[in-house]
Amino acid sequence: MILKVAIVQQIDSMNPFLAVFQSSTEVGRLMYDYLTAYAADDQRVTEGLANRWEPSADKLTWTFTVPEGKTWSDGQPITAHDVAFTYNLMLTNEVARTANGSFVTNFSSVTAPDDRTVVIKTKAPQVTMLALDIPIVPEHVWEKVTNIKDYANDQMPVVGSGPFVLTEHVAGQFIKLKANKNYWRGAPKYDELHFVYFQNSDAAVQALTKGEVDLVNRMAPAQFDSLKDKAGVTRNKAQGRRFVELLINPGARTRTGEPIGDGNPALGDVRVRRAIAQAIDLDALVQRVNLGYAEKGAGLVPPVFGKWHWEPGEKELRTFDPAAANAALDAAGYPRKADGTRFSLRLTGRAGRAYDEQASEYLKRQLGDIGIPLDVRLVSDNQLNEATTVATYDLAFSGWATNVDPDFILGLHTCAQRPGADGKGGTTDAYFCDQAYDELYARQLSEFDEGKRVELVKQMQARFYDQVPAVVLAYENALEAYRSDHFARFTTQPAQGGVIMAQNGMWGYYGAEPAARASASGTTWVGFAVAGGVIVFIVVAIMRQTRRRRATAGERE
Amino acid sequence: MSRFNRSGVAGAAILAVAALVAVIAPLVISADELDVTRVTAAPWQSPGAEFWLGTDHTGRSVALLVAQGAGTSLFVGLTAAVLAVGIGTLVGIVSGHFGGLVAGALLRVTDFFLVLPALVLAIALSTVLPRGLGTIVLAIGLTSWPSTARMVRAQTLTIEARPFVERARALGGGHVHVIGRHVLPSVVPLVLVNATLAVATAIVAESTLAFLGLGDPTRISWGAMLHQAQLHGAVPQRAWWFLLPPGVAIVVVVLAFTLVGRALEAVVTPKR
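**Here we look at the overall build of chain A**
Item 1. Each helix and strand in chain A was counted, giving 15 helices and 19 strands.
Item 2. Within chain A, the fraction of its 557 residues that count as buried is 43%.

**Quick word on the overall build of chain B**
Item 1. In terms of helices and strands, chain B carries 10 helices and zero strands.
Item 2. When the helices and strands of chain B are placed in sequence order, the string is α-α-α-α-α-α-α-α-α-α.
Item 3. Looking at chain B as a whole, 42% of its 272 residues qualify as buried.
Item 4. Put simply, 70% of the contacts in chain B that link residues at least 6 apart link residues at least 24 apart.

**Details of helix 7 (residues 282–289) of chain A**
Residue and element names in this part refer to chain A.
Item 1. Considered for burial, the residues of helix 7 that qualify are Leu282, Leu285, Val286, Arg288 and Val289.
Item 2. Contacts from the buried residues of helix 7 go to strand 13 (294–296), helix 9 (354–368) and strand 17 (470–483).
Item 3. Downstream of helix 7 by a residue or two, Leu291 has a phi angle that is positive, lying close to 55 degrees.

**Section: the interface of chain A and chain B**
Item 1. Counting residues at the interface gives 20 residues for chain A, matched by 18 residues for chain B.
Item 2. Looking at the side of chain A that touches chain B, the elements with two or more residues in it are helix 4 (201–210), helix 5 (221–226), helix 9 and strand 15 (374–379) of chain A.
Item 3. Per-element accounting of the side of chain A that touches chain B gives the leading share, six residues, to helix 9 of chain A.
Item 4. Across the side of chain A that touches chain B, the residue classes break down as nine nonpolar, five polar and six charged.

**Overview of the pairing of strand 12 (residues 233–248) of chain A**
Residue and element names in this part refer to chain A.
Item 1. As paired strands, strand 12 and strand 17 are joined by 12 bridges and run antiparallel to one another. Within strand 17, the position partnered with Val244 by the bridge is Ala474.
Item 2. Bridging between strand 12 and strand 16 (residues 395–401) involves seven bridges; their strand directions are antiparallel. Looking across to strand 16, one finds that Val244 is bridged to Gly399.

**Comments concerning the nonpolar core**
Item 1. Ranked by size, the top nonpolar core spans 209 residues in total, and within it Val83, Val118, Leu215, Val216, Ile248 and Ala474 of chain A together with Ala202 of chain B carry the most contacts.
Item 2. Among the elements that line this core, the one with the most residues is helix 8 (residues 175–211) of chain B, at 16 residues.
Item 3. Those residues in contact with Leu215 of chain A that sit more than four places away from it in its chain are Leu3, Val5, Ala6, Tyr482, Ile500 and Met501 of chain A.

**Things to note about the confidence of the model for chain A**
Item 1. In this model, chain A carries an average pLDDT of 86, and 94% of its residues clear a pLDDT of 70 or more.
Item 2. Low pLDDT (under 50) marks residues 518–522 of chain A, which in the prediction has zero contacts with non-local residues, meaning those over four places away or in another chain.

**Section: the sheet that holds strand 6 (residues 107–111) of chain A**
Residues and elements named next belong to chain A.
Item 1. Here four strands make up an open sheet; going across it, the order is 4-5-7-6 and the pairing antiparallel. Whereas interior strands pair on both sides, the edge strands pair on one side only; in this sheet they are strand 4 (52–55) and strand 6. Direction aside, the axes of adjacent strands within the sheet are offset by 15 degrees on average.
Item 2. As defined by bridge partners, strand 6 adjoins strand 7 (residues 117–122) across four bridges and the pair is classed as antiparallel. In the sheet register, Thr111 faces strand 7, and the bridge partner there is Val119.
Item 3. On top of the sheet, helix 2 (residues 80–92) reaches strand 6 and strand 7; it is set at about 150 degrees to strand 6, its chief contact.

**Description of the confidence of the model for chain B**
All names here are of chain B.
Item 1. Residue-level pLDDT values for chain B average 87, and 97% of them are 70 or greater.
Item 2. Per-element confidence in chain B is highest for helix 2 (residues 62–98), whose mean pLDDT is 93, and lowest for helix 4 (residues 118–128), whose mean pLDDT is 81.
Item 3. Scoring the predicted complex yields pTM 0.76 and, for the interface, ipTM 0.73.

**What about the packing of helix 9 (residues 222–231) of chain B against helix 10 (residues 240–268) of chain B?**
Residues and elements named next belong to chain B.
Item 1. Contact geometry of helix 9 with helix 10 gives a least axis separation of 9 Å together with a crossing angle of 155 degrees. Our classification of the angle between helix 9 and helix 10 gives roughly antiparallel. Here helix 9 and helix 10 pass one another in a crossing that is left-handed. In this structure, helix 9 contributes Trp222, Met225, Leu226 and Ala229 to the contact, and helix 10 contributes Phe242, Leu243, Pro246, Gly247, Ala249 and Ile250.
Item 2. Its residues placed into classes, the contact of helix 9 with helix 10 shows nine nonpolar, one polar and no charged.

**A closer look at the environment of Gln496 of chain A**
Residue and element names in this part refer to chain A.
Item 1. In this structure, Gln496 sits in the loop between strand 18 (487–489) and helix 14 (507–510).
Item 2. Under the C-beta neighbour-count criterion, Gln496 is labelled exposed, with 10 such atoms within 10 Å.
Item 3. Spatially, the C-alpha atoms of Gln496 and Asp42 are 8.7 Å apart, while their sequence positions differ by 454 residues.

**With respect to unusual backbone geometry**
Residues and elements named next belong to chain A.
Item 1. Cis rather than trans, the peptide bond between Met156 and Pro157 has omega equal to -10 degrees.
Item 2. Tracing the sequence through the fold places Pro157 in the loop between helix 3 (139–142) and strand 8 (164–170).
Item 3. The omega angle of the peptide bond from Gln493 to Pro494 is -5 degrees, so this bond is cis rather than trans.
Item 4. Relative to the elements of secondary structure, Pro494 occurs in the loop between strand 18 and helix 14.
Item 5. Of note, Gln43 is a non-glycine position whose phi angle comes to about 60 degrees, a positive value.
Item 6. By the element assignment, Gln43 lies in the loop between strand 2 (36–38) and strand 3 (45–47).

**Topic: the environment of Asn249 of chain A**
All names here are of chain A.
Item 1. Tracing the sequence through the fold places Asn249 in the loop between strand 12 and helix 6 (270–278).
Item 2. For the pair Asn249 and Gly511, spaced 262 residues apart in the sequence, the C-alpha separation amounts to 45 Å.
Item 3. Setting aside residues no more than four positions away along its own chain, Asn249 makes contact with Gly261, Gly263, Leu267, Ala391, Tyr393, Asp394 and Tyr431.

**Re the packing of helix 5 (residues 133–143) of chain B against helix 8 of chain B**
Residues and elements named next belong to chain B.
Item 1. The interhelical angle for the contact between helix 5 and helix 8, taken along N-to-C directions, is 125 degrees, at an axis separation of 10 Å. If you check the angle between helix 5 and helix 8, you find them oblique. When the axes of helix 5 and helix 8 are compared, the crossing they make is right-handed. For the pair helix 5 and helix 8, the contacting residues are Ile136, Ala139 and Ile140 in the first and Ala202, Ala205, Glu206 and Leu209 in the second.

**With respect to the environment of Leu49 of chain A**
All names here are of chain A.
Item 1. For Leu49, the location among the structural elements is in the loop between strand 3 and strand 4.
Item 2. Between the C-alpha atoms of Leu49 and Val83, which are 34 residues apart in sequence, the distance is 8.8 Å.
Item 3. Excluding its chain neighbours within four sequence positions, the residues that come into contact with Leu49 are Asp33, Leu35, Val66, Lys70, Ile78, Val83, Ile136 and Ser161.

What counts and how
Residues numbered from 1 in each chain as written. Chains lettered and ligands numbered in written order. Predicted model: local features only at pLDDT ≥ 70, side-chain atom pairs only at ≥ 80, totals over all residues. Helix = DSSP H or I, 4+ residues; strand = E, 2+ residues; numbered from the N terminus. Buried ≥ 20, exposed ≤ 12 C-beta atoms within 10 Å, placed from the backbone. Contact = placed C-beta atoms within 7 Å. Nonpolar A, V, L, I, M, F, W, Y, C, P; charged D, E, K, R; others polar. Pairing = 2+ DSSP bridges. Core = buried A, V, L, I, M, F, W, Y, C linked by C-beta atoms within 7 Å. pLDDT = per-residue confidence, 0-100. Axes fitted to C-alpha atoms, helices over the stretch in contact; angles between N-to-C directions. Parallel < 35°, antiparallel > 145°, perpendicular 65-115°, else oblique. Left-handed = near helix turned anticlockwise from the far one by under 90°.

And the structure:
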């Protein structure tokens, strides 16, 4: 039994220290376990290679226990030394930090006093110690690797610790993995997992309807709708990890306070930004642009990460109200001119992205209604990137995928993430810089009481919502579909409304259960054989009977 | 000869209808019917009594979109062709008339644009320049003038070799006189034919650029319709009514321009 999965994105590297593309890390999760994992049903931290962990009182020393009985796919036991080797490789070798370096920057030392124990010492308390998304590699294979940068990790079969073992990879065509029969959680319920490349998602959807592949994700709403009543295909509408947003240039400045870019100065006024946010009909965008396959936007963390997600309360909520927005703009000192407009803004988006092309029409209409005509500029990917990094935009479409831990997405909006004096460096999203927000960020980073940290994270999102350097428009659903006549069920993460592909884990592939097709077709075959046999028997019996009759008739003569 | 004229007349008739549609459509169709935020019809309706050509992904009538798109496609086609033929004629006459260093320089530039793949250059131009109708016109115009330039230059050379031009020169006619009174009138018929054919290629070029998503996103054109059909999943929806009409419209109008162009060519040629 083979599970065939359609993928569109290329693989950048099979070397887990270098792989950054989503497609590559997805395959990486199948090949290598991490120190800890995220449970399938509710994404809480659960057993990975380590089954116990203990921070010291000062939160600076963490002790992980790697239990006995877990083995690499070549039969060698997995020990604490493998873990220490992997982390130390990243600490000592800059190239090995390419993909996941951010997790270890705060480490001061990693040691393995015995086969079962890993001790990690950090320079400062770190809340993400149980969310170290680093594939652990086998020391007995990787100690022979001298040049990480050029190591393609293609000694098939690739020794790993995950539920599948990489056996073949032809770039741009397919990736083949075999089930790891010795996997410590138990072997997968089928034999092979193939990833098949497609040029675009239209082609992948066609292949699914023809039964050439069993699983497709990242579908457009129209594609998803087209599979509605297809026999043998089951659709999975999941809560996604992505959101789309509309950036509002709040008067961009560099880290040193120099103005940068050419945003409209009116947007520096928070009252104007609030009025713009109030004039956007988020429900209409979700209904008409996302075709209902999204949830209305609010805070920076999507609802799929339940406890971190923030919804505005009654007092904070900005409901769609053009009249109030008009009044607010009048009050803020931007009256309508003779031609009915106040000031015009540029709206920058990406040409060829369905969302941008459609949503820009709505924004143009809705902001036109409050006297702000939009000059819609749909440009190429590069031009959009350039406009947002050097702040030559007024309004612009953007979007992010978020992680289980909200640290990354929240960190994007701190003052320190703005570019330096030369306009380079930093990965700021919206040129947001707010004292209150930054203080909350620093506090949540060293808050080990989860309840308190959740509270801080929500306060940050409320602050962001109030200051509107960007309007979160919608949390897009992840649209997937699979051949339910080939595979009966997949494990989703989280259990309710979760995704099959692009999880924080490998549960979707690992938990796939083949449909009872073989036995079902077997019974029908047996049925046909029995029925055929009975018919043959009856025919033969009748023929013999008639012949005997004839014979007896002849003899009778 | 007469057959050519008949097909030429047919082409002209089609063009007249297309032009009429292009002029009338914006006057008759209310803006609300083409505004995605204001339409109320269901998306992806197949052709029926209410919507002759069905509806698109937002519920707009495809028939109205095709009618509205005629204007943009014809406008871009015509202006780009005029631009291309204008540049081509200027370069052709100047290089043919003056010869020498000027001709050498101009011809090298012509050669440069001739060997450069026009579509790639047009894509590059429309990526770098700000989005808009003007950019598309410029991109097409700047990439499709070399063939006209070559043809006009050849014609200029043959005209200037004739005795009457030599006589005009001997009688003291300057550059302006020779070009204005003798060369240009003999070149004009050829230029006209060329312009008609150039419109056809310009419309195809506009549709190509718009289909690739490089057109003016705020304007409806036939190429832009094909782009949206492809982008919003008309193929998996099996929505042939969103793909075929703009495609057929492009084919018909381009064919009409070609027919008219060929007929004009047949009329113009025997006189020389």
